[in-house]
Structure formats: structure tokens, C-alpha cells
Amino acid sequence: MENNVRAVLEELNEEQRKAVQCLEGPVLIVAGAGSGKTRVLTSRVANLLAHGCDPSRVLALTFTKKAAGEMKERIAIMVGYKKARKVVMGTFHSIFVRFLREYASVLGYPEQFTIYDQSDSTSAVKTVIKELGLDDAVYKPRDVLARISAAKNNLITVSAYKTNAEALKSDSYAKKPRLVDVYERYQQRLKQSGVMDFDDILVNMNILLRDSREALEDISSRFSHIMVDEYQDTNLAQYIIVRKLAEKHRNVCVVGDDSQSIYAFRGARIQNILNFKKDYPECRVFRLERNYRSTRNIVEAANSVIEHNAGRIPKKCYAEGDSGEKLHVIKAYTEQHEAAEIVYSIQDRIRSEGAKYEDFALLYRTNAQSRALEEQLRRRNIPYMIYSGNSFFERAEVKDMMAYFKLVVNPLDDESFKRAVNKPARSIGDTTVKELEAAAASAGVPLFKAAYLEGLETYGLRAAAIAKLRAFCAMIDRLAQLVSNTDAFELAQHIADDSGLYAFYKSDNSIEGQARTANVEELINSVKQFVEEREEEAEGAEDVFTLDDYLENVSLLSNVDVADDEDTNNKVALMTAHSAKGLEFPFVYVTGLEENLFPSQSSQLSAHEVEEERRLFYVAMTRAKKVLTLSYAGTRMRNGRHESNPPSRFLSEIESRYLDKPLGGRIEKTGGTNQDRWSRGSSPMGVAGATRRPATMNEGAGPLKHPWVGQRPPYGSSTGSTGKPSTPLKPVDPDFVALPMTAFRPGMRIEHNRFGFGEILEITGSVPELKARVRFDELGEKLLLLKYAKMRLEKKA
DNA sequence: AAAGCGGTACTTTTT
DNA sequence: GTACCGCTTT
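A few points on the structure.

Conventions and cut-offs
- Residues numbered from 1 in each chain as written.
- Chains lettered and ligands numbered in written order.
- Predicted model: local features only at pLDDT ≥ 70, side-chain atom pairs only at ≥ 80, totals over all residues.
- Heavy atoms only, no water.
- Helix = DSSP H or I, 4+ residues; strand = E, 2+ residues; numbered from the N terminus.
- Buried < 20%, exposed > 50% of the residue type's maximum accessible area, 1.4 Å probe, protein only.
- Contact = heavy atoms within 4.5 Å.
- Patch = residues over 30% accessible without salt bridge, like charges linked within 9 Å, V, L, I, M, F, W, Y side chains within 5 Å.
- Areas by Shrake-Rupley, 256 points an atom, 1.4 Å probe, with all protein chains shown as cover.
- Salt bridge = Lys/Arg side-chain N within 4 Å of Asp/Glu carboxyl O.
- Lys, Arg positive; Asp, Glu negative; His and termini not counted.
- Charge placed at Lys NZ, Arg CZ, Asp CG, Glu CD.
- Pairing = 2+ DSSP bridges.
- Axes fitted to C-alpha atoms, helices over the stretch in contact; angles between N-to-C directions.
- Parallel < 35°, antiparallel > 145°, perpendicular 65-115°, else oblique.
- Nonpolar A, V, L, I, M, F, W, Y, C, P; charged D, E, K, R; others polar.
- Left-handed = near helix turned anticlockwise from the far one by under 90°.
- Core = buried A, V, L, I, M, F, W, Y, C linked by side-chain atoms within 4.5 Å.
- Polar contact = N/O pair within 3.5 Å; in protein donor to acceptor, adjacent residues only side chain to side chain.
- Phe/Tyr/Trp six-rings, centres within 6.5 Å; stacked < 30°, edge-to-face > 60°.
- Expected span 1.5 Å × (residues − 1).

## So, the overall build of chain A
Stage number 1. The secondary structure content of chain A amounts to 34 helices and 22 strands.
Stage number 2. Here chain A holds 797 residues, and 53% of them are scored as buried.
Stage number 3. A separation threshold of at least 6 residues defines the contact pool for chain A, and within that pool the share at least 24 residues apart is 73%.

## Re a negative patch on the surface
Stage number 1. On the surface, E532, E533, E535, E536 and E537 cluster together to form a negatively charged patch.
Stage number 2. Following the sequence through the fold, E536 ends up in helix α28 (residues 511–538).
Stage number 3. We classify E536 as exposed; its relative accessible area is 66%.

## Focus on the sheet that holds strand β2 (residues 58–62)
Stage number 1. The sheet built from six strands is open, its strands ordered β3-β2-β6-β7-β1-β8 with parallel pairing. The open sheet is flanked by β3 (88–91) and β8 (284–288), the only strands paired with a single partner. In this sheet, neighbouring strand axes are inclined to one another by 15° on average, regardless of whether the strands run parallel or antiparallel.
Stage number 2. With three bridges joining them, strand β6 (residues 225–228) and strand β7 (residues 252–256) adopt parallel strand pairing. Within β7, the position partnered with M227 by the bridge is C253.
Stage number 3. Across the sheet, helix α2 (residues 14–21) is in contact with β1 (27–31) and β8; its angle to β8 comes to roughly 145°.
Stage number 4. The strands that helix α6 (residues 92–102) touches are β2, β3 and β6; relative to β3, the one it contacts most, it runs at about 115°.

## Digging into the packing of α28 against helix α29 (residues 547–555)
Axes are the key here: two packed helices are described by the angle between their axes and the distance separating the axes.
Stage number 1. Running from N to C, α28 and α29 point in directions that differ by 100°, and their axes come no closer than 10 Å. One element, α28, and the other, α29, form an angle in the roughly perpendicular class. Where α28 approaches α29, its residues L523, S526, V527, F530 and R534 are matched on the opposing element by L547, D549, Y550 and N553.
Stage number 2. When its residues are assigned to classes, the contact of α28 with α29 shows five nonpolar, two polar and two charged.

## Some points on the pattern of salt bridges
Stage number 1. Under the defined criterion, the tally for this structure stands at 47 salt bridges.
Stage number 2. A salt bridge links E282 to R250; its shortest N-O distance comes to 2.8 Å. With a gap of 32 residues between them, E282 in the loop between α17 (276–279) and β8 and R250 in the loop between α15 (236–245) and β7 connect regions that are remote in the sequence.
Stage number 3. Since its relative accessible area comes to 42%, E282 is described here as partly exposed.
Stage number 4. With relative accessibility at 29%, the residue R250 sits in the partly exposed group.
Stage number 5. Measuring nitrogen to oxygen at the nearest pair gives 3.4 Å for the salt bridge that ties E612 to R615. Of this pair, E612 and R615 both sit in helix α33 (residues 607–621), separated by three residues, roughly a single helical turn.
Stage number 6. By relative accessible area, which is 11% here, E612 ends up buried.
Stage number 7. For R615, a relative accessible area of 9% gives the class buried.
Stage number 8. Counted as one network, the salt bridges with shared partners bring together K37, D229, E230, D233 and K581.

## Examining the packing of helix α19 (residues 335–353) against helix α20 (residues 370–379)
Stage number 1. Two elements in contact, α19 and α20, have axes whose closest approach is 8 Å; the angle formed by their N-to-C orientations is 45°. The angle between the axes of α19 and α20 places the two elements in the oblique class. Like other packed secondary-structure pairs, α19 and α20 cross with a definite hand, here right-handed. Counted together, E335, Q336, A339, A340, I342, V343 and I346 of α19 and A372, L373, Q376 and L377 of α20 form the full contact between these two elements.
Stage number 2. When the residues that make up the contact of α19 with α20 are grouped by side-chain class, the tally is eight nonpolar, two polar and one charged.

## Topic: unusual backbone geometry
The bulk of non-glycine residues show a negative phi, and the bulk of peptide bonds are trans.
Stage number 1. Along the chain, K423 connects to P424 via a cis peptide bond; the corresponding omega equals -5°.
Stage number 2. In this structure, P424 sits in the loop between α22 (414–420) and α23 (430–443).
Stage number 3. Residue P599 is bonded to the preceding F598 through a cis peptide linkage, with omega at 10°.
Stage number 4. Within the secondary structure layout, P599 lies in the loop between β15 (585–590) and α33.
Stage number 5. The phi torsion at R250 lies on the positive side, around 60°, for a residue other than glycine.
Stage number 6. A positive phi angle, close to 55°, is found at N381, a residue other than glycine.
Stage number 7. The residue N381 is located in the loop between α20 and β13 (384–387) in this model.

## Notes on the nonpolar core
Stage number 1. If you look at the biggest cluster of nonpolar residues, it comprises 52 residues, and the most contacted ones within it are F405, F417, F472 and Y550.
Stage number 2. The leading source of residues in this core is helix α21 (residues 396–409), at nine residues.
Stage number 3. Excluding anything up to four places from it in sequence, Y550 contacts F393, M402, F405, L523, S526, V527 and F530.
Stage number 4. Judged by nonpolar contacts, the second largest core, of 46 residues, contains L59, I201, F223 and I226.

## Digging into the side chain of N410
Stage number 1. Tracing the backbone shows N410 in the loop between α21 and α22.
Stage number 2. By relative accessible area, N410 is classed as buried at 5%.
Stage number 3. Polar contacts involving the side chain of N410 include one to the main-chain carbonyl oxygen of S193, which spans 2.8 Å.
Stage number 4. Ignoring any residue separated from it by four or fewer positions in sequence, one finds N410 in contact with T114, S193, G194 and V195.

## So, the packing of aromatic side chains
Stage number 1. Summed over all chains, the structure comprises 19 aromatic pairs.
Stage number 2. An angle of 80° between the planes, with centres 5.6 Å apart, marks the rings of Y161 and Y183 as edge-to-face. Of this pair, Y161 sits in helix α10 (residues 158–162) while Y183 is found in helix α12 (residues 179–192), placing the two residues 22 residues apart along the sequence. Of the two residues, Y161 and Y183, neither departs from the other in class, the shared state being buried.
Stage number 3. Geometrically, the ring pair formed by F617 and F650 is stacked, given 5.5 Å between the ring centres and 15° between the ring planes. One end of the pair, F617, is in helix α33; the other, F650, is in helix α34 (residues 649–653), with 33 residues separating them in the sequence. Of the two residues, F617 and F650, both sit in the buried class.

## Side note on the environment of E643
Stage number 1. For E643, the location among the structural elements is in strand β17 (residues 641–644).
Stage number 2. The exposure class of E643 is partly exposed, given its relative accessible area of 24%.
Stage number 3. Taking C-alpha positions, E643 is 9.9 Å from A633, a pair spaced 10 residues apart along the chain.
Stage number 4. A distance of 3.2 Å separates the side chain of E643 from the side chain of R638, its partner in a polar contact.

## Examining α20
Stage number 1. The buried fraction of α20 is high, at eight of 10 residues.
Stage number 2. Residues of α20 that are buried include every one of S370, A372, L373, E374, E375, Q376, L377 and R379, and no others.
Stage number 3. Considering only its buried residues, α20 is in contact with α19, β12 (360–364), β13 and β14 (572–576).
Stage number 4. A positive phi of about 55° marks N381, the residue just after α20.

## Focus: α21
Stage number 1. With 14 residues, α21 should cover 20 Å at 1.5 Å per step; its first-to-last C-alpha distance of 20 Å lies within 8% of that length.
Stage number 2. The element α21 is largely enclosed, with a buried count of 12 among its 14 residues.
Stage number 3. Residues E397, V398, D400, M401, M402, A403, Y404, F405, K406, L407, V408 and V409 constitute the buried set of α21.

## Re the pairing of β13
Stage number 1. Burial along β13 is one-sided: the residues M385 and Y387 are buried and none of Y384 and I386 is.
Stage number 2. Bridging between β13 and β14 involves four bridges; their strand directions are parallel. Residue pairing for β14: Y384 is matched across the bridge by V572.

This is the structure:
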């Protein structure tokens with residue numbers, strides 16, 4: 001083992017080794033992008049253990065489960081699995097939840113409290129707003145929640161808020177004087193429901209350490225060394241917890257990069273890392289400046305951008321070895337064109353360099369931008385995986401099933417109660433639920449308890465409704481008795497059956513219904529996977545892994561955590577720049593580099609926020625190992641409108657010697673050529689435009705080639721005499737997309753997004769009101785207006 | 001109680 | 001362009 005660590009040390013560069021060997025006292029490791037941060041952190045843990053430190057006395061905090069998992073794995077390789085698993089390593093939230101369960105009673109929560117995700121929290125806020133008789137157009141639930149969240153991140157509890165003149169003033173200025181009441185009632189509701197939201201986990205941890213000397217003493221004495229990853233992203237609540245836990249031994253090692261601080265909107269305080277030296281004057285500082293990930297061109301180009309930010313921790317990141325390709329810039333007319341160029345470039349790399357799909361990442365500022373990329377990838381049959389907010393767990397049917405899981409684990413959870421109570425239909429309608437809510441509010445109890453109150457009739461409930469409610473509660477209660485001693489998978493199946501929810505979805509045979517059933521099955525399957533993984537880790541110990549374990553695990557997942565190997569196996573990755581942090585890919589495309597998009601609109605006003613956007617762009621650039629391509633479009637569809645924006649200022653901040661050709665600048669109207677149609681901004685697409693063809697698009701369009709010239713059309717063959725590509729997926733822009741509706745003929749087999757496969761029987765009407773009568777295999781005949789119908793030729797097997 | 005409609009807001013990022 | 005809400009209808 002000693003030898004192991006010696007070998008580990010030998011592989012490090014000098015600065016890395018110094019950091020790994022500095023085991024006592026406060027340590028700040030400033031780790032540039034790609035500088036081997038994870039290697040240093042894990043080596044340092046291994047080194048601590050080699051020096052006799054008890055692994056269970058090492059606490060390591062990360063932001064994502066993925067980061068924690070990777071570190072654990074790497075530590076296991078160095079010191080063996082047995083020791084590695086004893087290290088207390090995980091996300092801030094998951095580790096703190098563990099502590100909070102131990103001390104739940106001190107805080108007045110049930111030990112098995114559950115956790116609300118963002119959508120649960122939003123609907124709870126909405127409930128409160130209505131309950132208080134406020135207008136939800138003024139008190140927009142999302143905004144209100146953001147405000148509450150900001151308060152919590154800064155440890156402003158309800159009582160502190162009430163006396164916070166500044167906060168109250170700014171609320172009344174924003175015409176929301178009763179926001180504090182919403183905050184108060186929201187907290188009451190959550191507590192009454194035995195629920196914490198994400199922020200409560202940090203707030204309550206602070207309250208615990210502040211108010212219970214015993215808890216502080218107990219928890220902080222469990223650890224001799226604390227390590228914090230991504231320290232630049234910690235907020236005030238996290239900062240204070242770390243400070244308190246490290247107070248005695250002061251063996252706190254934080255790792256981070258101020259240039260990669262991108263979560264200020266979520267309360268992260270870049271000062272935490274900038275001020276570390278003030279907090280711990282005796283600290284040692286190590287700078288990891290050598291980038292092992294990227295080529296020199298990429299590293300230096302990224303440097304040239306980030307140098308536009310003021311007040312950074314001084315450091316000079318550099319790479320050795322190959323200068324590599326210069327950065328490529330794609331300028332496109334529209335987002336479809338941009339996407340097509342990118343896809344073309346991916347195919348080219350695969351053909352000429354033998355790259356694999358999984359070597360590519362497409363990054364963007366907002367999730368909505370994935371659509372155009374997806375469409376182009378799909379039409380070229382390129383496998384891809386989206387890591388996005390709109391994930392599996394946000395689908396209605398999955399949420400329904402999850403509501404039952406949550407309710408069974410915690411019957412006091414009102415939001416889950418309301419979601420589950422009439423799905424499938426039990427004749428417990430809105431009226432009944434409203435009446436029950438009124439009863440619950442006046443008794444000050446959760447809905448589940450309110451159902452058993454005496455005298456519900458006074459609230460208008462009829463005997464039949466009360467009986468139905470109690471039958472529902474009895475079913476939940478019966479299942480709830482099983483939670484603590486039943487295997488999660490087994491219980492999940494019971495719930496799916498007893499609730500009738502599975503049968504409900506199963507009975508729907510439509511295409512969509514089948515997809516929903518598949519999703520519910522997949523959810524239950526994920527419970528099974530969870531149990532199996534845990535059993536494997538437990539190595540034959542007789543533990544039972546229960547549904548509350550599963551819920552906790554799932555509710556603290558992030559976007560990048562959700563994807564498993566099967567999902568990501570050799571697929572192009574699509575994600576936001578935020579989600580990409582901590583990841584790396586040989587080929588990276590940073591897309592949508594336009595003003596008002598990246599940097600985003602809302603950052604226009606404050607220099608502060610522009611700097612955060614710039615750091616985000618820096619993060620995106622530094623994901624690339626080998627080739628970095630940047631792209632922007634002259635016009636793109638946003639909120640159903642065409643928008644034109646000039647290229648992002650960030651592009652011109654890159655020193656030109658790192659670009660493969662000079663920046664073209666804005667795609668301007670030149671007049672005369674048809675190029676102007678791509679830059680005309682918000683003017684709507686006229687019907688008249690539909691008669692124009694993209695045939696001459698190349699003329700006068702500079703270096704741009706038509707994205708599909710020389711390419712095989714996606715499905716079937718071109719039908720028109722013009723030789724234009726035919727049948728795109730979506731007639732987004734009739735000028736550009738070559739008149740899809742005229743391509744359909746009777747007898748063709750088609751595939752419709754919603755109705756499935758079918759055969760065209762007849763085409764009637766004339767452009768643009770062409771209609772098709774289609775006989776669908778599953779659903780019989782339908783008349784579709786081709787202008788709107790989302791259909792394409794059936795793909796030949 | 002479910003389905004169908006018309007209007008509106010949405011798009012910054014998320015543990 | 002779409003998702004969601006609230007209203008109306010069956």
C-alpha cells in the first residue's frame with residue numbers, strides 16, 4: 001500500500017505533488033481547467049490514508065453524485081475498495097441529509113422526512129399563494145420560489161426576513177409586499193408535511209449546528225480532515241457549514257477555480273474562494289496551472305477570453321505538446337443551418353479520422369436550443385443523448401408514479417397526495433379535494449390526516465366522498481406499513497398494482513399510451529436496478545434497501561447523473577454549458593454564440609453578470625480536448641419569433657491567431673441576393689415565400705455551402721424535378737426546407753409523430769392548404785392538413 | 001370527470 | 001412553436 005502511494009506520487013507533477021503531500025492545516029488548491037484536479041484530490045485522500053488517517057474520518061464534499069462516484073472509484077483503485085468505501089464522500093446535499101435524519105427530532109422533523117424537488121416546491125408555493133388569496137399573475141410561483149430560495153441560500157429565515165428592512169423594501173418595490181407571508185406559510189406547510197426542499201437541507205444543517213451544541217460537537221468531531229470540491233460554487237449556507245465543521249482541526253482542503261464559477265444565480269459566492277486566505281491566514285496555496293486536457297490552441301484561446309474578466313486569482317494556465325488545430329468557426333443563416341453544418345462536420349470527422357460518436361459534445365446556453373440540433377442528428381441517423389432538464393423524471397406518468405412512491409413513504413406530503421388521489425380516477429374530484437383542503441387548513445393538519453377528522457360534513461363533504469377519501473388513505477396506509485421492511489422493488493410493484501396506476505396506463509393502447517406504460521415500467525425497473533446496485537455494494541450483507549432509500553437517491557440526482565452507460569454508449573452528447581462542467585470530449589461544438597443568447601439577454605445590464613457568462617463560455621471552451629468549433633446563426637426562432645442577433649462578443653474576444661480564419665462578423669443583408677432572407681429578423685415567413693426555392697442560395701453567400709448539397713436526402717429520394725432535397729422533418733422555414741408538403745403522393749407509407757405509421761390514400765386541396773387522407777395502421781383514417789402535420793416518409797428498414 | 005378550446009407565457013443556467 | 005392554464009362542453 002505504501003508502495004502504491006509512492007507510485008501515485010511519482011505520476012504527479014511538482015505542484016500537484018506538493019498539494020498532495022500537504023496534509024495538515026488549511027489548503028487552497030487553485031486548479032485550472034484540465035489540470036488534474038480530481039487526480040490531486042483523490043491522491044491526497046490516498047496519501048492521508050497512507051499516513052494512518054482513518055478513512056471514516058475523512059469528509060469529502062462534491063456538488064454532483066457523478067463527481068463523488070468517480071472519486072470514490074479512483075480512490076478505490078489506489079487504496080482498495082474496502083478502505084475507499086469508508087471515506088465519507090458525497091454531495092453536500094446527500095451527506096447533510098444523512099446528518100439531518102439523525103437529528104431530525106431536534107429540528108422537529110420526522111426521521112423519514114422526504115425531499116421536494118423544484119417542481120414539487122413550485123406547486124407548494126402555488127398552493128400557498130392561492131390559499132392566501134393572492135394573484136398568481138403578480139406573485140408568480142416561480143419568481144416567488146426563486147426569491148425564497150435566495151433568502152435561504154443567504155440564511156435569511158422567515159423570522160430574519162420579517163425584520164430585514166432591505167428585503168421587505170425590495171418586495172414592496174416589486175409590488176409583492178406579502179411575499180414574506182408566502183415564505184412563512186410555505187415553510188409551515190413543508191414542515192407540517194414532513195418535507196424539506198433543496199435549500200432547507202442547507203438551512204436546517206445550519207440551524208442544527210447553530211442551535212445544538214451537542215450536534216455540532218458530535219458531527220464535527222467525527223472528521224479529522226475535510227475536502228471540498230468546486231469550492232467556487234459554494235453558497236453562504238455551505239460555506240458556514242464547512243467553516244463550522246472545520247473549526248477545531250482546521251484541516252480543510254478546498255479545490256476550485258474562480259474562472260469556472262458559474263452558479264452565482266443560485267447563490268454561489270465567488271468570494272468564498274477569493275477570501276479563503278483571509279479566513280485561514282495560515283493556509284497553503286497551490287496552483288495547478290498546467291492543462292493536461294486540451295491542445296495549446298484551445299488553452300490559449302480560452303485564456304485570451306477569460307483575461308477580459310477583472311479580479312481573478314492570478315494564474316497562468318498553459319499546455320505543453322501539440323498546438324493542435326486552430327479553433328473553427330461556423331457561421332450559419334439559421335439554427336437549422338447551424339445544426340446541419342455541425343452534423344456534417346461530425347460525419348466528416350468520423351469518416352476521415354475514425355472518431356466515434358461518443359467523442360462529440362454539442363453545447364448550448366439554453367435547453368431549448370437542443371431541438372434544431374436533434375432534428376438534424378435524427379435525419380442523419382446519428383445516435384445522440386440529451387442531458388437536459390426535461391428528463392425522464394419530468395414526464396407526467398413518471399411523476400404520477402413517483403407521487404405514489406413519495407406518498408407511501410411520507411403520507412403527510414400534501415403535494416403528492418393531491419397528485420395521486422384521483423389518478424386513476426376514483427371520483428375524488430376538485431371539489432372534494434378543495435373541501436378537504438379547507439378542513440385541513442382550519443385543523444392545521446396535512447390532507448392525509450384531515451381525511452380522518454370528525455365533522456368533515458361541515459365543509460361540504462358528502463358521506464360518499466368521505467368514504468372514497470378514506471378508502472384511498474387506507475390503501476396508502478397499508479402500503480406505508482410495508483416501507484421499513486420491504487425491498488424497494490417489491491414495494492414499488494405493490495404500489496403500481498394496488499394504486500391501479502399501472503393498469504390505468506396499460507389499458508391505453510395508443511402510441512402515446514404505450515410510451516407512457518413503457519416509462520412507468522422503466523421507472524419500476526430503475527428501482528430494481530437501484531436495489532441490485534446497493535446489494536452489490538453491501539457485499540452480501542443482509543440489508544434491505546427500501547423505497548425511502550430509493551427516493552432520497554433519486555431526488556438528489558442531477559442531469560448528468562441520470563444517464564447510465566447504456567444511454568451514453570457511443571452517442572453524441574447534447575447538453576447545456578452548465579451541465580458540461582467537469583466533463584471533457586475530444587470534439588466540442590459550442591453553439592448559438594450570439595448576443596442575447598450567449599451571453600444571455602438578462603446579462604446585458606450588469607458587468608457582473610457578463611463576467612459570469614464569460615466564465616461559462618470559458619468552461620464550455622475548456623471541455624474540448626482536441627478540436628473546438630464555435631458556431632452562430634444569423635437568425636433563429638425563439639418563442640415562436642424569428643430573431644436576429646449579432647455574433648457573440650465572446651467570439652471577438654478570442655485572439656484571432658487561434659482561429660482558423662478571420663471572423664466574418666454579422667451576417668448582413670447584402671441586398672439583391674437571396675441571402676437577405678436569412679437576416680431579416682422578426683419579419684414573419686410569408687406564404688409567398690413558400691414558392692421560392694433554395695436552389696440559388698449559394699450564390700453570393702460567401703464561403704457557406706448549402707448544408708445539404710451533395711448529401712443524400714434523409715428519407716426516400718427526392719421527388720421534385722428540381723433535384724432539391726425533399727421531405728425534411730419539419731417545415732420550419734418554407735424558403736429553406738424545400739416544400740415538403742408537395743412531396744407526398746397517394747400510396748406512400750408515412751410515419752406521423754403522434755399517430756404512427758400509415759398509408760396516404762389521397763391528396764386534396766392546393767398549396768398551402770394541401771390535405772392528405774391517411775389510413776393509419778393503428779388508428780384508422782384521418783384527414784391531415786399537410787401544413788401542420790408532423791409526418792415523414794416511413795424509414796426503409 | 002374528461003376532453004377540447006383558446007389564451008398566455010415561455011427561454012438562462014440547477015444541487 | 002409548445003406547454004400549461006382555465007374555461008367550456010359533453
